[in-house]
Amino acid sequence: MLLIHCPYCGEARSELEFSAAGEAHIDRPQNIAEISDEDFAAYFFMRTNPKGIHYERWRHAHGCGRFFNAVRDTVSDRFLKTYKAGEPKPDRAEFEGEGR
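If you look the protein chain up in an unreviewed UniProt entry, it shows as Sarcosine oxidase subunit delta from Martelella mangrovi.

Visitor: Can you help me understand the sheet that holds strand β6 (residues 78-84) in this one?
Guide: Within a sheet, adjacent strands bond to each other through the backbone by hydrogen bonds, running parallel or antiparallel. Within the open sheet, the 4 strands sit side by side as β3-β4-β5-β6. Their pairing is antiparallel. Of all the strands in the sheet, just β3 (19-23) and β6 have a single pairing partner and so form its edges. Put simply, the sheet's adjacent strands are angled 35° from each other on average, direction ignored. Both β3 and strand β4 (residues 53-59) contribute to a ladder of 3 bridges, which runs antiparallel. Residue S19 lies in a different strand from β4, and its bridge partner there is R59.

Visitor: Hey, could you run me through the side chain of E23 in this one?
Guide: Structurally, E23 is set in strand β3. Within the buried set, E23 has no salt-bridge partner at all; the shortest N-O distance to an opposite charge, 4.5 Å, is to R47. Among the polar contacts made by the side chain of E23, one reaches the main-chain amide nitrogen of T48 at a distance of 3.0 Å. Here E23 is in contact with R47, T48, H54, Y55, E56 and R57, once residues within four sequence places are set aside.

Visitor: It is not clear to me how the packing of aromatic side chains should be interpreted in this structure. Could you clarify?
Guide: Geometry of an aromatic ring pair is reported as the spacing of the ring centres plus the angle between the planes. Following the criterion strictly, the structure yields 4 aromatic pairs and no others. On the numbers, 5.8 Å between centres and 85° between planes, the contact of F18 with F68 is edge-to-face. You can see F18 sitting in the loop between β2 (11-14) and β3 and its partner F68 sitting in strand β5 (residues 67-73), a full 50 residues away along the chain. Considered together, F18 and F68 belong to a single accessibility category, that of buried residues. Ring geometry for F44 versus F45: centroids 4.9 Å apart, planes at 85°, classification edge-to-face. On the basis of relative accessible area, F44 is assigned to the partly exposed category, the value being 48%. Ring pairs connect the aromatic residues F40, F44 and F45, which therefore count as one cluster. Against the face of Y8 rests R66, its NZ or CZ located 3.9 Å from the ring centre. When the ring centre of Y55 is taken as origin, the NZ or CZ atom of K89, which lies over that ring, is 4.5 Å away.

How each quantity is defined
Residues numbered from 1 in each chain as written. Predicted model: local features only at pLDDT ≥ 70, side-chain atom pairs only at ≥ 80, totals over all residues. Heavy atoms only, no water. Pairing = 2+ DSSP bridges. Helix = DSSP H or I, 4+ residues; strand = E, 2+ residues; numbered from the N terminus. Axes fitted to C-alpha atoms, helices over the stretch in contact; angles between N-to-C directions. Buried < 20%, exposed > 50% of the residue type's maximum accessible area, 1.4 Å probe, protein only. Lys, Arg positive; Asp, Glu negative; His and termini not counted. Salt bridge = Lys/Arg side-chain N within 4 Å of Asp/Glu carboxyl O. Polar contact = N/O pair within 3.5 Å; in protein donor to acceptor, adjacent residues only side chain to side chain. Contact = heavy atoms within 4.5 Å. Phe/Tyr/Trp six-rings, centres within 6.5 Å; stacked < 30°, edge-to-face > 60°. Lys NZ or Arg CZ within 6 Å of the ring centre and 35° of its normal.

Right, dumping it as C-alpha cells:
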C-alpha cells in the first residue's frame, strides 16, 4: 500500500484517501479573457509529463478535504515531499538522485 503524508493532518495515510489533481504551480494568465485561443488551449490542456521528479497537486478527499502539493518521482512512484498549498515550490536540486 502506498502511504501519502498529508501536511495538514500531519500523518501518512493510505493512497485510497487521496485524489490526484494534476500538475502543481501552473501560472494562470493575468487576463484570461484577452488571450488567444492557442494560448488558452496551452494553459488549459498542455501539461508536462516528465520521467522523474514532478510537482503535483493532491487532495485529501477522505480526510481533511484540503488540497496540497507533492513532489513525486514518476519512475519509482515515491513521494519525496508534501507541502501545503501556497508554500513555495521546493528546489529540484534537493531531490536529484532520490527515489531510485
